[in-house]
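Overview (structure and organization)
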Amino acid sequence: MSNFVSVANENGVAVVTIDNPPVNALSFNVRKPLYEALIALRDDPAAKAIVIACAGRTFVAGADITEFGKPVEQPELRAIIALLETIAKPTIAAIHGTALGGGLELALGCHFRNADRGARLGLPEVKLGLLPGGGGTVRLPRLVGAKKALDMIVSGTPISAGEAEAVGLVDAVFDDDLLAQTVRFASEMADRSEPLVPVRDRNGRLAETDLAFFDAQAAGLAKKARGLDAPLACAEAVRNAITLPFDEALAAERQLFVKLVSGDQSRAQRHLFFAEREAAKVPGKDLQKRRIARVGIIGAGTMGGGIAMAFANGGLPVTLLETSAEALQRGLATIEKNYAVSVGRGSLSEEAKQQRLDLFSGSTDYADLGDCDLIIEAVFEDMAVKKEVFGRLDAVAKPGAILATNTSYLDVNAIAASTARPQDVLGMHFFSPANVMKLLEIVRAEKTAPDALATVADLARRIGKVAVIVGVCHGFVGNRMLAARGAENEFLLLEGATPGQVDKAFTDFGWPMGPFQMGDLAGLDIGWRNRKALGQTAAIADTLCEQGRFGQKTGRGWYRYGGGSREPIGDPDVEALIRAKAAEQGITPRAIGAEEIVERTLYPLVNEGAKILEEGIAARASDIDVVWVNGYGFPVGKGGPMFWAGLEGAAEIVERLEHWRAKTGRAIFEPAPVLRRFAQTGTWEVAGGAQ
Ligand code: 3HC
Ligand code: NAI
C-alpha cells in the first residue's frame, strides 16, 4: 500500500486503485507500488480477479511527461505490462475519463477493458513527437486491426468508449457505476473456466491485414508529416507488428521510442505541451472567476461571425449586434452557410447544426446587450469607431461584464479609457477564421483586473482555444513579430530571389506555406490599405495591387491561380515586374540561397521576440512559442521561434544579425540585448527576471 496505489478486496475481486492527481500519470511513485501490488495479487489465492481503476477525474492519462529525458527508474511501464500478461487470473481495466498513452497501454496489458460511457481512449504520443513506447503499437493492432491502429496512433486522436467497443478495444461499456459493474464482470470472468488469452497472443486480426493497402496508407503519411519523424516511426512500428513476431516488434518499438525521446523534435513538442498550459495562467492565487453565461458580439463581419461560431460551438448563447437589419441578416446567413458546409462534409450533424443556430440571437439595439456577461467588439479597425462603440457599451453593459476588443493593432489602453470601467476592459485577439484557429491572444491593458483576465483565460479553454496573455503594443506578440519576419521580403525579391524561392525556403523549414503564398491567401489589398493609412509603401506589392492582383480571390497575386484552384503557379509577369523595380533602383540580381532567406526572415523574427520579452509584452519566451505555433504555423517540431533559437545557436544568430546590420544598415537586424544575453547564458531573460 502507498499513497499512490491502494488495494481493496471486493468479494474476492481485488481492486487496485491508482491515485496520483491530477491525471494519474504513471510516475515512478505509481509504478513501484503498482508493480509490487500486482506481484502480491498474482500470488494471493484470496484474489480471484484483479481490477485496475483510478481515483479522481480520470484513468491513467499516460506516462509522466516530466520524467522523459531523465534516467529511467525501475520498474518501467513495460515491466508492469509484461507482469500483467503473466497473471493467470482475469485482469480488467476500469476506464473513466481518459485512458491515454501509457494509460491505454497499461489497459492493453489486461485481459479485458471496461469503460464508462463518457470515457475516451487513445495513444496521443505522436503529439509529443513520440510513438507509444509501452507496447501500444504492437498490442493495439491485435485488438482493432492494423488499419484502425495506424489511424489512431498516427493521428493521436482519442476515440469514444462507444467506438472503442465497436472496434474491439473495449469489452463492455457502462452508463453508470463503472467500478461496481466491473467488479461484477471480473467475478463472472473468474467463475468461467474459459482460457484467458493475453492481447499479445491474439493474432487473428493481424493475419487479415492487406499489407499493400497498409503500405499505401502509410506512404501517404510522409508528405503530411512535413518533416516530423514521429508519424513515420509510428507507421513503421505498426508495420512491424504485422510482419514481425511479437517480441521482435516490441523491441523494435522500444528502439524507435528511445531515438525519438532523446531527439530535438520531441523535446520541442514536450516544451510546447507545458508551454501551452503555462501561457494562460494568471498570477495570483485563487482568483475568483466571473460567471459567463451569455456572450455579446458587436459586428457580424469576418471576425464577429467566426467568434460567434466559436462560442456557439462551445455551447454558449450569443447575441450578435450589427448596425442594420441587412448587415445582421448577412452575418447570420454566412454563419448558417458555414455550418451547412460542415454538415455537407459530414463533420456536423443536421441536428447539431440546428442546436448551434438556436444559440444565436440578433439585434441592432445596444440595450439587448444588457444581459451579456462578456461583450466582444469586432467592428472596423478604426479607433474613432471603437471608442464610440465602447462608450455606448459602457452605458448598457451590466456591472462586472467584461468588455473586450478584437482589435489587431490598436491601443487597448486608449479603448479602455473611453469607458468608466477600464478594469473590465481587455483585448481578445482571435485569428481568422476564428471558429477554426486555436490561438487567442488575451491582451492585458494597464488597468485590466486580474480576475477578468483569469475569467477569459478559463473561458477560452472551455471553447477549445489556446490562450496566451500578452501586453499592449502595436500588433501585440503575433502581428508585431510577423511584421519583423516580413520586413526583408521585398528586399529579397529586389536582390534576386523569386516569391517561389522564398516560399520554398519556408516550406522546407516546415512551415505550411511561405509569406507570399500566405499573402495571396489573406488578400494583398489588406496590407495595401494598411500601408496607405500609415503612409508607407512597398514598391512591388503596391504595384501588384494597383494592377488588381489581390491574390487568390482575384486569381492572381504573387502567383497565378488557374481555374479557381488554390495551387500557386509562378508568374513570369511578376518576375518581370520585380526585375524592372530592381533595375529602377540600380540593383543587379544575384542568386540568393535558402540559408540567407532564413537569416533575413527568421532571425529578425527571433530578435523581435527578444525585444518583446525585454518590454514585458510577453511574460515568458515559451508564451511567444505558443503564439507562433498555434497562430502562424511555426513548425511544432522546432518548438516555436524562441525554442528554435536555442537549437539553431543564439551566438550564430547574433553574429549573422550583426553581419546583415553592417551590410544593410537596417535597424531590424540590430541584435536585442536580451538575445545577446541568451547567447551567453542560454536563458531567456524577461522583464523582472530570468527564466
Ligand atoms: N505527465 C505529466 N503531467 C501531465 C500529464 C502527463 N502525462 N498530463 C497532464 N499533465 C499535467 C499538466 O501539465 C497539467 O499541469 P498543471 O496543472 O501544472 O498545468 C495538469 O496535469 C492537468 O492537465 P491539463 O491542464 O491538460 O488537464 P485537462 O483536464 O485539460 O486534460 C488530459 C487532461 C486530457 C489528460 C491532458 O492533460 C492530456 O492530454 N495529457 C497528456 C496525455 C498524453 O500525452 N499522454 C501520453 C504521454 S506519453 C506516454 O504515455 C508514453 C508511453 O507510451 C510510454
Ligand atoms: P469586417 O469588415 O468583416 O466586419 C466588421 C463588421 O462590423 C461589419 O459587418 C460592420 O457592419 C460592423 N460594424 C461596423 N461598425 C459597427 C458598429 N458601430 N456597431 C456594430 N457593428 C458595426 O471586419 P473584420 O475583418 O471582421 O475585422 C473586425 C475587427 O477584427 C477589426 O478590428 C480587425 O482588425 C480585427 N481582426 C481582423 C482579423 C482578420 O483576419 N480579418 C484578424 C484578427 C482581428
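Let us look at the structure shown here. (Residues numbered from 1 in each chain as written. Chains lettered and ligands numbered in written order. Predicted model: local features only at pLDDT ≥ 70, side-chain atom pairs only at ≥ 80, totals over all residues. Heavy atoms only, no water.)

**Focus: the pattern of salt bridges**
Two side chains with opposite charge may pair up if their charged atoms get near one another. The condition is simple: Each reported salt bridge corresponds to a side-chain nitrogen of Lys or Arg within 4 Å of a carboxyl oxygen of Asp or Glu. Numbering of helices and strands starts at the N terminus; helices are DSSP runs of H or I of at least 4 residues and strands are runs of E of at least 2. Relative accessibility under 20% of the residue-type maximum defines a buried residue, over 50% an exposed one, and the middle range a partly exposed one, all with a 1.4 Å probe and only protein chains included.
Using the criterion set out here, one finds 47 salt bridges in the structure. The salt bridge involving E596 is made with R600; its shortest N-O contact spans 2.7 Å. Here E596 pairs with R600, and both are found in helix α26 (residues 594-614), just 4 residues apart, close to one helical turn. Looking at E596, the relative accessible area reads 12%, which means it is buried. Note on R600: relative accessible area 0%, which makes it buried. Here R656 ties to E599 by a salt bridge, and the two come within 3.0 Å at their closest N and O atoms. With R656 in helix α29 (residues 650-664) and E599 in helix α26, the pair connects residues that are 57 residues apart, well separated along the chain. Judged on exposure class, the residue R656 and its partner E599 are both buried.

**Considering the pairing of strand β15 (residues 425-430)**
For clarity, the cut-off: Any two strands with at least two DSSP bridges between them are considered paired.
With 6 of 6 residues buried, β15 is to be regarded as a mostly interior element. One ladder, built from 4 bridges, connects β15 with strand β16 (residues 439-443); its direction is antiparallel. The residue of β16 that forms the bridge with M428 is I442.

**Some remarks on the nonpolar core**
Operational definition: What we call a nonpolar core is a set of buried Ala, Val, Leu, Ile, Met, Phe, Trp, Tyr and Cys residues that are connected through their side-chain atoms within 4.5 Å. Only heavy atoms enter the contact rule, under which two residues are in contact if any of them lie within 4.5 Å.
Counting residues in hydrophobic clusters, the biggest one holds 76 residues, and the most contacted among them are V477, W558, L613, I624, W628, L675 and W684. With 9 residues, the top contributor of residues to this core is α26. Not counting residues within four places of it along the chain, the set of residues in contact with I624 comprises V477, M481, G609, I612, L613, A618, P641 and M642. Membership of the second largest hydrophobic core comes to 69 residues, among which are A14, I65, I87 and L121.

**Looking at the sheet that holds strand β8 (residues 159-160)**
Sheet architecture is open: 3 strands sit in the order β5-β7-β8, paired in mixed fashion. A strand with exactly one partner marks an edge of an open sheet, and here the two such strands are β5 (98-100) and β8. Pairing analysis gives 2 bridges linking strand β7 (residues 120-122) to β8, with the strands arranged antiparallel. Residue pairing across strands places L121 opposite I159, the latter belonging to β8.

**A few points about the sheet that holds strand β9 (residues 172-174)**
Pairing between the strands of a sheet is mediated by backbone hydrogen bonds and can be parallel or antiparallel. Our working definition: Only the stretch in contact is used when fitting a helix axis, every axis being a line fitted to C-alpha atoms; angles between N-to-C directions are given from 0 to 180 degrees.
Judged by pairing direction, the sheet is mixed, and its 6 strands sit side by side in the order β1-β2-β3-β4-β6-β9 without closing on themselves. With one partner strand each, in any of the chains shown, β1 (5-10) and β9 form the two edges of the open sheet. On average, each strand axis in the sheet is tilted by 20° relative to the strand beside it, whichever way the strands run. On the sheet, helix α1 (residues 28-42) packs against β1, β2 (13-18) and β3 (49-54) and is oriented at approximately 30° with respect to β1.

**Topic: the site of ligand 1**
For the record, the criterion: Definition of nearness: a residue and a molecule or strand are near each other if at least one heavy atom of the residue lies within 4 Å of the molecule or strand. Residues adjacent in sequence count toward polar contacts only when both atoms are side-chain atoms; beyond that, a polar contact is any pair of N or O atoms within 3.5 Å, and within protein one must be able to donate a hydrogen and the other to accept it. Gly falls in the polar group here, along with every residue not listed as nonpolar (Ala, Val, Leu, Ile, Met, Phe, Trp, Tyr, Cys, Pro) or charged (Asp, Glu, Lys, Arg).
Neighbouring ligand 1 are 26 residues; R57, E105, E125, R277 and R461 lie closest to it. The separation between a nitrogen atom of ligand 1 and a polar main-chain atom of A63 is 2.8 Å. Mapped onto the shell around ligand 1, the elements with two or more residues apiece are β5, α3 (102-108) and α12 (264-279). The element that contributes the greatest number of residues to the shell around ligand 1 is α12, accounting for 3 residues. Split by residue class, the shell around ligand 1 holds 13 nonpolar, 6 polar and 7 charged.

**Comments concerning the site of ligand 2**
Short version of the rule: Accessibility throughout is a Shrake-Rupley quantity obtained with a 1.4 Å probe, and a residue counts as covered only by protein chains that appear here.
If you check the shell around ligand 2, you find 21 residues, and the closest are M303, E322, E381, K386 and S408. Between E381 and ligand 2, the recorded distance is 2.5 Å, taken from a side-chain N or O atom to an oxygen atom. Here S408 contributes a side-chain N or O atom positioned 2.7 Å from an oxygen atom of ligand 2. The protein chains hide 77% of the 830 Å² of surface that ligand 2 would expose on its own. Mapped onto the shell around ligand 2, the elements with two or more residues apiece are α13 (302-313), α16 (383-396) and β15. Looking at the shell around ligand 2 residue by residue, the classes come out as 9 nonpolar, 9 polar and 3 charged.

**Observations concerning the side chain of T601**
Locating T601 in the fold gives a position in helix α26. Relative accessible area serves as the criterion here: at 0%, T601 is assigned to the buried category. Separated by 2.6 Å, the side chain of T601 and the backbone oxygen of I597 make a polar contact. For T601, the residues in contact, after removing those within four places along its chain, are A484, R485, N489, L492 and F506.

**A few points about the packing of aromatic side chains**
Stated formally: Planes of paired rings set the category: under 30 degrees apart is stacked, over 60 is edge-to-face and the rest tilted, where pairs are Phe, Tyr or Trp rings (Trp by its six-membered ring) whose centres lie within 6.5 Å. Two conditions define a charge sitting above a ring: the NZ of Lys or the CZ of Arg must be within 6 Å of the ring centre, and it must be within 35 degrees of the ring normal.
If you walk through the whole model with that rule in mind, you get 18 aromatic pairs. Between F311 and F430, the aromatic rings sit 6.3 Å apart at their centres with planes inclined by 75°, giving edge-to-face as the arrangement. A residue pair is termed long-range when its members are at least 10 positions apart, and F311 in helix α13 and F430 in strand β15 qualify at 119 residues. On the accessibility criterion, F311 (1% relative accessible area) is buried. Among the aromatic residues, those joined into a cluster by ring pairs are F431, F506, F509, W511, Y603, W628, Y632, F634 and W644. The cationic tip of K638 hangs over the ring face of F509; the distance from NZ or CZ to the ring centre is 4.5 Å. R666 extends its terminal NZ or CZ atom over the ring of F491, reaching a point 3.5 Å from the ring centre.

**Re helix α14 (residues 325-345)**
Quick note on the threshold: Here a helix's expected span is defined as the number of its residues, less one, multiplied by 1.5 Å. In this context, the arc is that of the directions from the helix axis out to the C-beta atoms.
Here α14 is 21 residues long and its end C-alpha atoms lie 30 Å apart, about the 30 Å a rise of 1.5 Å per residue gives. Buried within α14 are the following residues: A327, L328, G331, I335, Y339 and S342. Down the axis, α14 shows its buried residues gathered within 115° of arc, on one side only. Within α14, the exposed residues directed more than 90 degrees away from the buried face are E326, R330, K337 and G344. Residues of α14 that are buried in the fold lie against α13, β11 (318-321), α15 (350-357) and β12 (360-363).

**Comments concerning the packing of helix α19 (residues 478-486) against α26**
For clarity, the threshold we go by: Crossing handedness: left-handed means the near helix sits turned counterclockwise from the far one by under a right angle, and right-handed means the same turn made clockwise.
For the pair α19 and α26, interaxial distance at closest approach is 7 Å and the crossing angle is 145°. The interaxial crossing formed by α19 with α26 has right-handed handedness. Residue-level contacts link R480, M481, A484 and R485 of α19 to T601, L602, P604, L605, E608, G609, K611 and I612 of α26. In terms of residue class, the contact of α19 with α26 is made up of 6 nonpolar, 2 polar and 4 charged.

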